[in-house]
Amino acid sequence: MDLDELLREGDRIAVAVVETAGAVVIFVGALWAALRFVVEGLRHRSAAVFNPIRLSLGRFLTLGLEFQLAADILRTAVSPTFDQIGQLAAIATIRTALNFFLRREIAQEQRQVGEAEPDQRTNQGSPT
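Parameters and conventions
Residues numbered from 1 in each chain as written. Predicted model: local features only at pLDDT ≥ 70, side-chain atom pairs only at ≥ 80, totals over all residues. Heavy atoms only, no water. Helix = DSSP H or I, 4+ residues; strand = E, 2+ residues; numbered from the N terminus. Buried < 20%, exposed > 50% of the residue type's maximum accessible area, 1.4 Å probe, protein only. Areas by Shrake-Rupley, 256 points an atom, 1.4 Å probe, with all protein chains shown as cover. Patch = residues over 30% accessible without salt bridge, like charges linked within 9 Å, V, L, I, M, F, W, Y side chains within 5 Å. Salt bridge = Lys/Arg side-chain N within 4 Å of Asp/Glu carboxyl O. Contact = heavy atoms within 4.5 Å. Phe/Tyr/Trp six-rings, centres within 6.5 Å; stacked < 30°, edge-to-face > 60°.

Q: Before we go on, may I ask you to explain the overall build of the protein in this structure?
A: When you go through the protein residue by residue, the secondary structure sums to three helices and zero strands. The secondary structure elements of the protein, listed N-terminal to C-terminal, are α-α-α. Expressed as a percentage of its 128 residues, the buried residues of the protein come to 25%. With the model as given, the accessible surface of the protein reaches about 8900 Å², and the carbon-plus-sulfur share is 66%.

Q: How do you make sense of a nonpolar patch on the surface when you look at a structure like this?
A: Together, Val 24, Phe 27, Val 28, Leu 31 and Leu 35 give the surface a local cluster of nonpolar side chains, amounting to about 480 Å² of exposed area. Considering the arrangement of structural elements, one finds Val 24 in helix 1 (residues 3-43).

Q: Please explain the pattern of salt bridges as it appears in this structure.
A: Close approach of charged atoms lets side chains of opposite charge pair. By the definition in use, this model includes nine salt bridges. Arg 95 is the partner of Asp 72 in a salt bridge, and the nearest nitrogen-oxygen pair spans 2.3 Å. On the criterion of sequence distance, the pair formed by Asp 72 in helix 2 (residues 47-75) and Arg 95 in helix 3 (residues 82-125) is long-range, its members being 23 residues apart. When its relative accessible area of 7% is taken as the criterion, Asp 72 is described as buried. The structure contains a network of salt bridges with shared partners spanning Glu 19, Asp 72, Arg 75 and Arg 95.

Q: Mind showing me how you'd approach the environment of Arg 95 here?
A: Taking the C-alpha atoms as reference points, Arg 95 and Gln 68, separated by 27 residues in sequence, lie 8.6 Å from one another. Discounting chain neighbours no more than four positions away, the residues touching Arg 95 are Leu 65, Gln 68, Leu 69 and Asp 72.

Q: Looking at this structure, I do not really get the side chain of Glu 40. What am I missing?
A: Along the chain, Glu 40 turns up in helix 1. Judged by relative accessible area, which is 12%, Glu 40 ranks as buried. Look past the residues within four positions of Glu 40 in its chain and what remains in contact with it is Arg 45, Val 49, Phe 50 and Ile 53.

Q: Looking at this structure, how should I read the side chain of Thr 62?
A: With respect to the secondary-structure elements, Thr 62 resides in helix 2. What Thr 62 contacts, discounting residues up to four positions off in sequence, is Asn 99, Leu 102, Arg 103 and Ile 106.

Q: For this particular structure, what's the right way to read the packing of aromatic side chains?
A: What describes a pair of aromatic rings is the distance from one ring centre to the other and the angle between the planes of the rings. In total, this model carries three aromatic pairs according to the counting rule given. Between Phe 37 and Phe 50, the aromatic rings sit 5.0 Å apart at their centres with planes inclined by 40°, giving tilted as the arrangement. A residue pair is termed long-range when its members are at least 10 positions apart, and Phe 37 in helix 1 and Phe 50 in helix 2 qualify at 13 residues. Relative accessible area serves as the criterion here: at 47%, Phe 37 is assigned to the partly exposed category. Ring centres of Phe 100 and Phe 101 lie 5.1 Å apart, and the angle between their planes is 75°; this geometry places the pair in the edge-to-face category.

Right, dumping it as structure tokens:
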């Protein structure tokens, strides 16, 4: 096996490991959020309870997408063709846009949760 074949095989293995890590992160996050959704939904039945679950799922998705993008970059690391570079650019653009909008939504949700917490503390102290 020459050096070029060895590099390609190592790259193929690295891509598979990083892609798998990304898929596992997304799967674990989705499973965790689904379980919390069911448990909290049965316990509280309030829309405010689900915001932290959505925030956490968004973080898992963002991290998983970062792993997937890293795998795409690794895939083109060893002697890429112009076609592969074009595909990487398209994939990177789409995943970066997804991450941007996920992060923006997470930040917005965190602000809303932060604004709601003082209201909840003051409401807890007042008689109903």
